[in-house]
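Structural characterization, general
Each chain, letter by letter, is given below.
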Amino acid sequence: MPGRLAFDEAMQFPRSRLLVPDPELREGQVEMVEIKTRRGLIRRPWGLEGGFAVVYKFRTRSGQARALRCFHVDMKPDTEERYRQIATYFAAQPALQAVTVPFTYYREGIVVKEQGRGEVCPLIAMEWVEGRTLCEAVHLYCNQGNRGALRELSQRWQKLVLTMREARMAHGDLAGSNVLVREDGRLVLVDYDGVYIPPLAGYPPVLAGQEDYQHPQMRQRPFNEETDAFSALVITTALSALACDPTLWRRYARLDERGNPPESLLFIAEDFADPRNSRLFQELLSARDPFVRRLAQELRAACEQPVAQVHFPLALLDPDYERREALKRLQEAIASDDDEAIARAWLPLLEQYRPAQPELPRVELARRRLAARQRFREALSSRASLRAILASYDTVLDDSRALTPGERCLLAEGERFLQALAAQDDETLLEAAAALSQHYGLTMLSSEEQARLQAARQRQQARQAWKEARRSKEIAAVVRAYTQLQQAGLSLPPEEERLGSLATRFWTLATDPGAADEALLEAYEAIALSPLAAELRMSAEQQQRAELAERRLAALARLRMALRSRRLRAVAEADDPLLEESTALTPAERERLELARRFCAALDADDDATLVMLGEQLEEEAATSTGLLLTAEERERLELARERWRVYQRFLSALHSRQPRLIAAAAHPLLAEMQLSADERTLLELAQEFVAAYEDDRRLVAFYEHLQTARQSTFFLFSAEEQERLTALWEREKRWRLFEQALIMTPEEPGEEGPRRLLAAYNELPSALLERLTAAHQRSLTQARQALELLYLLKQDAPDEQLAAVYTPELLEAFPSLLNSVQRQRLERVLLLKELQRAWRACDYRRMLLIARTIPQPQALERYGLQLRVAARRLAEMLQLPGVLLALRPAIDGNRLIVSWRWTTDPLLRHVLVCWHTQALPPLPQPLYPGQLEQIGHYRIVSHPEPAGQGTASLNLTVGSCTLLHVVVCALLPEDWGQGANGRFVEQDGHLSDWQAADRPWWLGRALGASLALGSEVALS
């Protein structure tokens, strides 16, 4: 929160800083005072600063004085709600209005700026009270020795304490600075931050108060009506003592150096912490005034008690206080007409209190009512009968509020229930019972009353159900309601009785799955032809049930006509699923229907087994007078089924032997027409495949492989000779497959593992399989042998010529993982040297030097040193720098030689030599050794690092003061083979490079020279 200075600054600009809606305040002005400082007099707003807030004296537009209270510390989030509750409570309590001032809390009250940042702060506006603080008034009266004024001040304070207690209010921070004494002597409380009122019960306390007025356990004090008990006792004791002896102020008040009064009233915190050793307490306990001594005793006892047990001794201020308070509570109870509260409020201390005697008759009436209510409730809780409960009621309770609404309902509805029971009025009986059950249930009813109530309930339910069923016209509802009426013993008019019987007969048959269809149709037609048909509405399910019975009777008639024809197909076609649940079908009819159905189904499904099984039964049936007869076509199909069945039985017998030759021999054309199982057909095909492939090795191996993957791989029992032939052929096939697998896997295996594995698989092949080798196979075997030979030569460190003779590019394509990195480098070097020889024979000097630069081992090139020097000399003679431009420019610090040229894409043209001298340069030797450069003159070597590319290069050299300069420019070709391909030249000026040895010469390209006069420029080509 902002500080005091920020609030002072804001108060001086009320029009722009005050946000309150009251124009009287916004157009007013804060009062200013002059303060002496080291720099002289300054004017600042008149304000009093406390622990939480600054209070400014403010003049409104109309000149009225107001107090504006601004908080300079962060307040609790519920501060606004507290102040709203406090203002409302003060306004509703006339007694408090005399000791407090009205106020208004503004959450957004004033804009305060500090360090360039604006903040909206709350503000409280209240009446400005003219007067002194309690401490200031005491200081004045004591210095004057004015006992009368002090006595009046003490009495006013005691009345204020009683007023606060009667209003159930606590200030929370009672102190000499928070009590103002008006000019007419009236006391006013200010600073309401810590106020307690009943609406704030349960809220946490805001502050603990000032320690010179508070209990040593001040931070543990409760937040309730007793919050001010200790501080009020401190002020009461101090004021009473000073009224008796004003000199106490001079002896115990701690005035400042200017003689101003302190914030405390006689007592300080040290007195409360150790009252037994307090000099002030000792003097007060021995005072001449007994009232002062009694107050001092109460205060000392309070200091030694826990703060939660401290209570203000109100009886000391008003001996009748407790009786007046008791009478007040009694009168409040009588006003509320609460018998229980009245009985509790009559205390023994009121027995002899005259003002309470007029209320005694009302107290006696409350006691009689409570006793009557007790008897009534005892009967109610003892689970007595309804009649006993009603008999326990006393009319003294008629006008009493002591009974609950439920108890009043019990009395009224209980009487009504008993009257309805006597009059046999079912409707009233049920209404009263429903009202009773809402509050107390029906356990108070006797068993006879319970039975009669249940009977009334059943009769009412039956009547209601019959009315609802008649309205719905649904047969099921009518039947249920009709049954309820019969069970309740109620009768119906003849027409309604006829309606119930028709519905009941139809509903009984329709819901019985075994009911005869004829009886159901008869009941259905009885309803349809009755005059009451419009009073009944069948459900869709009931309608379907009647239609089902009609269709089932028609299906039964068709079946019996077919049975009389004795034709199998006619009987099967007359079959209807509706007949499954028909009770009219005889067992004999059902048996013949099932026989015809199964035989025709077997004919349609081509089921020979079922046809053969049913054939004998049909032949026996045909001999009877009612039996079913076969047509000629059906008899012919039966004979075919019997023949196919015999063929199938022979096939099954062969399968049981598990011998493939017997199974193949059991094959018959009729089996192709039969519905064999998948396993049976597979076994037959495997057996036929075995017999057909036995004399052909390739086909037999294919069969055996097929058999191994089949689900029936272990079914067949081969003879010893067959098993031996199969095993031998399969072992030979596995070796061939191992050889083919080696062909596939060898390229991925490192070193000699691949070639050796391939040759080992080849050596395992029997002679009978060698004829299956193709040209590709032979080529792979040859490459495997060459690969092993190459590895052997590499391990033996054989001469390069032998390695080159064995190696072919196809060898590493066939075996890409054959060589490790070292062996591969050795082989690559051999191939490069071989390529170097070919380039020498072809006089391809450029290629020779490029190859030599890629070989990092110098010893490998020793035998080719002469050839390489010849190639370097001949190639250097052809090297010439393009685009050479020379210029000699004057400069203050010495003339400047500017040389520029173009680099080419030639990888061998990477170095340039520039030589200059004021005298003519001698011819450059060929080759040129580094030591010879120092004898020629000034020079600079420039290197272009690889990879070389096109681009312009230039030098800007300081050559001193000269008018004529001789310059030579040429390309350099160093003997850098055997050192790798990475060039490491940098610009040189009279020094050797960091890697070119003194005995390694440079070969000079075509030299371009010119003599330059100062300010001239020459292009060379």
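Structure's up top.
First, a word on scope: everything that follows refers to the structure included in this document. (Residues numbered from 1 in each chain as written. Predicted model: local features only at pLDDT ≥ 70, side-chain atom pairs only at ≥ 80, totals over all residues. Heavy atoms only, no water.)

**Some thoughts on the sheet that holds strand β9 (residues 131–133)**
Formally: Note: two strands are recorded as paired if DSSP finds a minimum of 2 bridges between them. Per the convention used, a helix needs a DSSP run of H or I reaching at least four residues, while a strand needs a run of E reaching at least two, with both numbered from the N terminus. Each axis is a line fitted through C-alpha atoms, taken for helices only over the stretch in contact, and angles between the N-to-C directions span 0 to 180 degrees. Residues count as neighbours in contact if any of their non-hydrogen atoms are within 4.5 Å of one another.
In spatial order, the strands read β9-β10-β11; together these 3 strands make up an open sheet with antiparallel pairing. Single-partner strands in this sheet number two, and they are β9 and β11 (187–189). Neighbour-to-neighbour, the strand axes of this sheet turn through a mean angle of 30 degrees, independent of strand direction. Against the sheet, helix α6 (residues 134–144) contacts β9 and β10 (179–182), and its axis sits at roughly 95 degrees relative to β9. Sitting on the sheet, helix α7 (residues 147–166) is in contact with β10 and β11, with an inclination near 40 degrees to β11.

**Digging into the nonpolar core**
Threshold: Nonpolar core, defined: a set of buried Ala, Val, Leu, Ile, Met, Phe, Trp, Tyr and Cys residues in which side-chain atoms within 4.5 Å join the residues together. Type-normalised accessible area, obtained with a 1.4 Å probe on protein chains alone, sets the label of each residue: buried when under 20%, exposed when over 50%, and partly exposed for intermediate values.
By size, the foremost hydrophobic cluster in this structure holds 84 residues, and its most contacted members are W157 and F267. Ranked by the residues each element gives to this core, the list is headed by helix α8 (residues 229–244), at 11 residues. Residues within four places of W157 in sequence aside, it is in contact with L174, V179, L187, A232, I235, T236 and L239. By size, the runner-up hydrophobic cluster in this structure holds 48 residues, among which are I851, L888, L955 and L965.

**Quick look at the packing of aromatic side chains**
The line we're drawing: For Phe, Tyr and Trp, where Trp contributes only its six-membered ring, two rings pair if their centres lie within 6.5 Å, and the inter-plane angle classes them as stacked under 30 degrees, edge-to-face over 60, or tilted in between.
Taken as a whole and assessed by the stated rule, the structure comprises 23 aromatic pairs. Here the aromatic rings of Y83 and Y105 are separated by 5.5 Å at their centres, their planes lie at 15 degrees, and the arrangement is stacked. One end of the pair, Y83, is in helix α4 (residues 79–92); the other, Y105, is in strand β7 (residues 103–114), with 22 residues separating them in the sequence. Residue Y83 is classed as buried on the basis of its relative accessible area, which comes to 4%. Among the aromatic side chains, those forming a connected cluster through ring pairs are F71, Y83, F90, F103, Y105 and Y192.

**Observations concerning unusual backbone geometry**
Omega for the peptide link from Q926 to P927 comes to 0 degrees, which places this bond in the cis form. Tracing the sequence through the fold places P927 in the loop between β14 (911–917) and α41 (930–936). The residue K473 is not glycine, and still its phi comes out positive at about 65 degrees. For K473, a relative accessible area of 29% translates into the label partly exposed. Of note, the phi angle at C843 is positive, near 55 degrees, even though the residue is not glycine. Assignment of secondary structure puts C843 in the loop between α38 (821–841) and α39 (845–853).

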